[in-house]
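# Chain and residue survey
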Amino acid sequence: ARVMVAKSKALAAPSSATILLRSSWNVVSITTPAAVGGVNALLSQRRRASSSLLGHQLPLSGQRNNNNQQHQLLYNYQHKRYFARDTKRLKFKRGIPKNQGDHLDKYSFEDVGKKQQRVDKNILVIGSSGILGKTLVSHFGHNCDWNVIGADVLDPKQAADEKGLRDYIQLPKEGSMADLTGELYRGVSLHLQGGESNENKLDAIVCASGGWAGDVDVAEMMENHLAKANSSELEDIDMEEEYARESAEVCERMMRVNYYPIVAGSQVGRRFMKPGGLFCMIGASAALSPTPGMLGYGSAKSAAHHYLQSWGPTSFEENGTTAVGILPLMIDTPSNREMLGGDDADGGDDRYSKMVKPIHIANEIGEWVKQPHLRPHTGSLVKVIAKNRRDGSGGAAFHLVR
């Protein structure tokens with residue numbers, strides 16, 4: 001015989017067919033042949049028995065629908081969640097009963113479709129007058145409506161027309177690392193009223209300063225000297241000495257534009273960064289390996305990578321600051337396109353498709369500022385790989401490499 005037992009209530013199965021019913025309570029099936037009735041009769045009998053035994057519960061279909069609705073509601077809310085910084089319980093704005101939301105009290109939620117209120121953020125962009133720097137300033141200042149302080153070597157009158165820029169600090173073109181750091185420190189202190197309150201501190205520092213130069217070419221160096229000097233002066237010039245001196249000058253210049261600003265920005269951040277802030281520098285993926293033909297550039301970028309990886313854990317312990325390096329292969333700028341030469345549509349040349357658009361870097365950094373839980377770990381290096389297509393669409397992929 002096969003009988004069905006529901007909460008110790010035995011029901012005779014009216015069909016010889018094998019029937020397996022699943023429910024939210026315990027159901028055990030036992031086989032028995034029967035000559036009358038059918039599946040519909042058994043289902044009807046089961047519903048009547050269930051009603052008498054579990055009258056306080058909802059019908060099976062209604063109970064499942066109710067569970068599905070509750071699950072969907074929680075699912076929708078959790079899609080809009082972000083981790084709350086404090087441990088106090090936050091009130092939900094809609095929907096979830098108090099006794100069903102206690103396990104979610106470490107999250108904060110937003111209403112679906114509700115526009116967020118503007119949150120003031122202070123951003124310092126070092127190297128704000130370059131192509132990437134201008135893109136960062138425009139994205140942060142205009143699109144995100146944040147307060148952006150720019151810093152570069154250009155005259156303030158030339159930088160005044162930059163879209164999205166609130167304040168500007170002019171940095172020295174020459175001088176030591178200490179001179180650069182002191183000038184940047186005084187400028188930031190002036191614009192943030194000393195940074196005494198948390199509102200007058202920085203949410204992020206982005207160092208977009210940089211430049212490229214290859215090794216000194218001996219033939220080109222000799223041509224330049226021949227064009228500038230007469231024959232009598234050339235006799236007094238030691239070309240080997242000139243080559244050594246100019247090579248050293250290239251390395252020094254690369255350190256000044258690619259390494260000094262990283263150190264200066266990090267030291268300013270120790271004083272003026274809010275707890276949990278972001279320090280982001282632009283490195284170079286080429287400097288992850290040896291760079292023959294551009295010793296000065298590769299050395300400066302490698303030094304910047306090492307500094308960020310070493311300073312990152314310390315900055316996080318001191319103030320919760322996350323330090324991250326972004327390493328593009330080549331940024332899409334007019335000067336880089338001119339250096340490559342040719343046309344990206346001529347002869348199937350795909351070199352231009354490997355150039356990273358500045359706006360893609362700006363978008364990623366902006367997300368890290370708005371959503372700290374998306375940031376990589378402090379002291380990390382993130383390589384940027386362009387995903388451009390011929391029609392101009394595409395994007396960029398960010399991969400953790402160190």
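Residues numbered from 1 in each chain as written. Predicted model: local features only at pLDDT ≥ 70, side-chain atom pairs only at ≥ 80, totals over all residues. Heavy atoms only, no water.

## Quick notes on the overall build of the chain
Secondary structure summary: the chain contains 12 helices and 13 strands in total. When contacts within the chain are restricted to residue pairs at least 6 apart in sequence, those whose partners lie at least 24 apart make up 63%. On the chain, roughly 22,900 Å² of surface is accessible, and the fraction owed to carbon and sulfur atoms is 50%. (Helix = DSSP H or I, 4+ residues; strand = E, 2+ residues; numbered from the N terminus. Contact = heavy atoms within 4.5 Å. Areas by Shrake-Rupley, 256 points an atom, 1.4 Å probe, with all protein chains shown as cover.)

## Examining the pattern of salt bridges
Considering all chains together, one arrives at 11 salt bridges under this definition. Across the pair Arg-270 and Glu-318 runs a salt bridge whose closest N-O atoms are separated by 3.5 Å. Placement of Arg-270 in helix H9 (residues 260-272) and of Glu-318 in helix H10 (residues 295-319) is noted, with a sequence separation of 48 residues between them. Three or more residues joined by partner-sharing salt bridges are found here, namely Glu-174, Glu-252 and Arg-256. (Salt bridge = Lys/Arg side-chain N within 4 Å of Asp/Glu carboxyl O.)

## Thoughts on the layout of surface pockets
Counted as a void, the second largest pocket has a volume near 1,200 Å³. Residue lining of the second largest pocket: 46 residues in total, with Ser-209, Gly-210, Gly-211, Trp-212 and Asn-258 positioned closest to the centre. Mapped onto the lining of the second largest pocket, the elements with two or more residues apiece are helix H3 (131-143), strand S7 (147-152), helix H8 (239-258), H9, H10 and helix H11 (334-340). Classifying every residue of the lining of the second largest pocket by side-chain character gives 25 nonpolar, 13 polar and eight charged. (1 Å grid on protein atoms, 1.4 Å probe; cavity = no way out; pocket = protein on both sides within 12 Å on 5 of 7 lines; lining within 4 Å. Points joined across faces, edges and corners; volume = space filled by probe spheres on them. Nonpolar A, V, L, I, M, F, W, Y, C, P; charged D, E, K, R; others polar.)

## Comments concerning the packing of aromatic side chains
All told, the structure shown has four aromatic pairs when counted by the stated rule. Arranged with centres 6.2 Å apart and planes meeting at 90 degrees, the rings of Tyr-259 and Tyr-307 form a pair that is edge-to-face. With Tyr-259 in the loop between H8 and H9 and Tyr-307 in helix H10, this pair connects stretches of sequence that are 48 residues apart. The two residues Tyr-259 and Tyr-307 agree in class, both being buried. We note Arg-271 situated over the ring of Phe-272; from NZ or CZ to the ring centre the distance is 4.9 Å. (Phe/Tyr/Trp six-rings, centres within 6.5 Å; stacked < 30°, edge-to-face > 60°. Buried < 20%, exposed > 50% of the residue type's maximum accessible area, 1.4 Å probe, protein only. Lys NZ or Arg CZ within 6 Å of the ring centre and 35° of its normal.)

## Examining the confidence of the model for the chain
When pLDDT is averaged along the chain, the result is 76, and 66% of the positions lie at 70 or above. Every residue in residues 1-37 is under pLDDT 50, and counting partners more than four places away or in other chains gives 71 contacts. (pLDDT = per-residue confidence, 0-100.)

## Overview of the environment of Leu-400
Topologically, Leu-400 is positioned in strand S13 (residues 394-400). Sequence-wise, Leu-400 and His-377 are 23 residues apart; in three dimensions their C-alpha atoms are separated by 9.5 Å. Beyond its immediate sequence surroundings of up to four residues, Leu-400 is in contact with Pro-376, His-377, Ser-380, Leu-381 and Val-382.

## Looking at the packing of helix H5 (residues 177-191) against H9
One can describe the packing of H5 onto H9 by two numbers: an axis separation of 9 Å at closest approach and a directional angle of 40 degrees. Regarding the angle of H5 to H9, the classification is oblique. Note that H5 runs across H9; the crossing there is right-handed. Contacts between H5 and H9 involve Met-177, Leu-180, Thr-181, Leu-184, Tyr-185, Val-188 and Ser-189 from the former and Tyr-260, Pro-261, Val-263, Ala-264, Gly-265, Gln-267, Val-268, Arg-271 and Phe-272 from the latter. (Axes fitted to C-alpha atoms, helices over the stretch in contact; angles between N-to-C directions. Parallel < 35°, antiparallel > 145°, perpendicular 65-115°, else oblique. Left-handed = near helix turned anticlockwise from the far one by under 90°.)

## Quick word on the sheet that holds S7
Taken together, eight strands build an open sheet; the order of strands is S8-S7-S6-S9-S10-S11-S12-S13 and the sheet is mixed. Each end of this open sheet is capped by a strand with a single partner; those strands are strand S8 (167-170) and S13. Neighbour to neighbour, the strand axes of the sheet diverge by 20 degrees on average, direction disregarded. Bridge count for strand S12 (residues 380-388) against S13 is seven bridges, and the pairing is antiparallel. Note that in S13 the partner of Ala-386 across the bridge is Ala-396. Across the face of the sheet, H5 comes into contact with strand S6 (122-126), S7, S8 and strand S9 (202-207) while running at roughly 160 degrees to S8. (Pairing = 2+ DSSP bridges.)

## Some points on the packing of helix H6 (residues 218-228) against H8
Look at H6 against H8: their axes get within 11 Å of each other, and the N-to-C directions meet at 110 degrees. Between H6 and H8, the angle is such that the two are roughly perpendicular. In the packing of H6 onto H8, the handedness of the crossing is right-handed. Each of Val-218, Met-221, Met-222 and His-225 in H6 lies in contact with H8, whose residues at this interface are Met-239, Glu-242, Tyr-243 and Glu-246. For the contact of H6 with H8, the residue count by class is five nonpolar, one polar and two charged.

## Some words on H10
In this model, H10 (25 residues) spans 35 Å end to end at C-alpha, consistent with the 36 Å of a helix rising 1.5 Å per residue. Taken as a whole, H10 carries its principal kink of about 35 degrees at Trp-311; the proline Pro-313 stands between one and four residues after it. For H10, every residue scored as buried is listed here: Gly-296, Tyr-297, Gly-298, Ala-300, Lys-301, Ala-304, His-305, Tyr-307, Leu-308, Trp-311, Gly-312 and Ser-315. Residues of H10 that are buried in the fold lie against H8, H9, strand S10 (273-282), strand S11 (322-328) and S12. Two residues or fewer past H10, Gly-320 is found with a positive phi of approximately 75 degrees. (Expected span 1.5 Å × (residues − 1). Bend = angle between axes of the 7 residues up to and from the residue.)

## Comments concerning the pairing of S12
Here S11 pairs with S12 via five bridges, running parallel. Among the inter-strand pairings, Pro-328 is bridged to a residue of S12, identified as Val-384.

## Remarks on unusual backbone geometry
Located in the positive-phi region is Asp-145, a residue other than glycine, with phi close to 60 degrees. Position of Asp-145 among the secondary structure elements: in the loop between H3 and S7. The class of Asp-145 is partly exposed, set by a relative accessible area of 37%.

## Comments concerning the side chain of Asn-336
Among the structural elements, Asn-336 can be located in helix H11. Note on Asn-336: relative accessible area 17%, which makes it buried. Beyond its immediate chain neighbours, meaning those up to four positions away, Asn-336 contacts Met-330, Ile-331 and Met-355.

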